[in-house]
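Topology and contacts: notes
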Amino acid sequence: MHVIKWAIAHFLLFLSVNTAVLPETDPPNYPTDDFILPVDREIKLSGTFGELRSNHFHAGIDIKSANGTAGEPLHAAADGYVSRIKMQAFSYGRALYIDHPNGYTTVYAHLDAFNDELEAYIRKKQYQHQRFDVDLYP
């Protein structure tokens, strides 16, 4: 037991000495003007990032619709391309992932519908896979 206590104390001392000599680094350079809101109005949230849910931490923000109903149009927060389309009966439901030139990805989840062309593409893939849930990387 004494050896274990010594090893732990030695490790903690080693860790504190090594972290004390780490060079100063600049904070990450996060983009500040790259993104816009996906709606053309002030937003109100119904879910916040990191919020503790019954079985997980919420990993995004949920924006309330303007009038409490589905169908409000959304637009991409920045230029990019659709890198993933996920359709599932639970969790995110209809979700669209957009990769941006700055290396970030925005995710649009809990969507009511996609445009007609995308809906047709997804339906075709659902029939090909013979299942509702699909995870597509176009």
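Below or above, wherever it landed, is the structure these notes cover. Only a predicted model underlies this, so the values are computations on that prediction, with no experimental measurement involved. (Residues numbered from 1 in each chain as written. Predicted model: local features only at pLDDT ≥ 70, side-chain atom pairs only at ≥ 80, totals over all residues. Heavy atoms only, no water.)

1. A word on the pairing of strand 3 (residues 81-87)
Looking at chain direction, strand 3 and strand 4 (residues 94-99) are connected through six bridges and run antiparallel. In the sheet register, Lys-86 faces strand 4, and the bridge partner there is Ala-95. Both strand 3 and strand 6 (residues 134-136) contribute to a ladder of three bridges, which runs antiparallel. Residue pairing in the sheet places Met-87 in a bridge with Val-134 of strand 6. (Pairing = 2+ DSSP bridges. Helix = DSSP H or I, 4+ residues; strand = E, 2+ residues; numbered from the N terminus.)

2. Brief notes about unusual backbone geometry
Unlike most non-glycine residues, Ser-91 shows phi in positive territory, near 55°. With respect to the helices and strands, Ser-91 occurs in the loop between strand 3 and strand 4. Look at Gln-130: it is not a glycine, yet its phi comes out positive at around 55°. Mapped onto the secondary structure, Gln-130 falls in the loop between helix 2 (116-129) and strand 6.

3. Notes on the layout of surface pockets
In this structure, the largest pocket occupies an estimated 1200 Å³ of space. The wall of the largest pocket is formed by 39 residues, among which Leu-74, Val-107, Tyr-108, Ala-109 and Leu-111 lie closest to the centre. Listing elements by their share of the lining of the largest pocket, those giving two or more residues are strand 2 (62-63), strand 4 and strand 5 (105-111). With six residues, the top contributor of residues to the lining of the largest pocket is strand 5. Classifying every residue of the lining of the largest pocket gives 24 nonpolar, 10 polar and five charged. (1 Å grid on protein atoms, 1.4 Å probe; cavity = no way out; pocket = protein on both sides within 12 Å on 5 of 7 lines; lining within 4 Å. Points joined across faces, edges and corners; volume = space filled by probe spheres on them. Nonpolar A, V, L, I, M, F, W, Y, C, P; charged D, E, K, R; others polar.)

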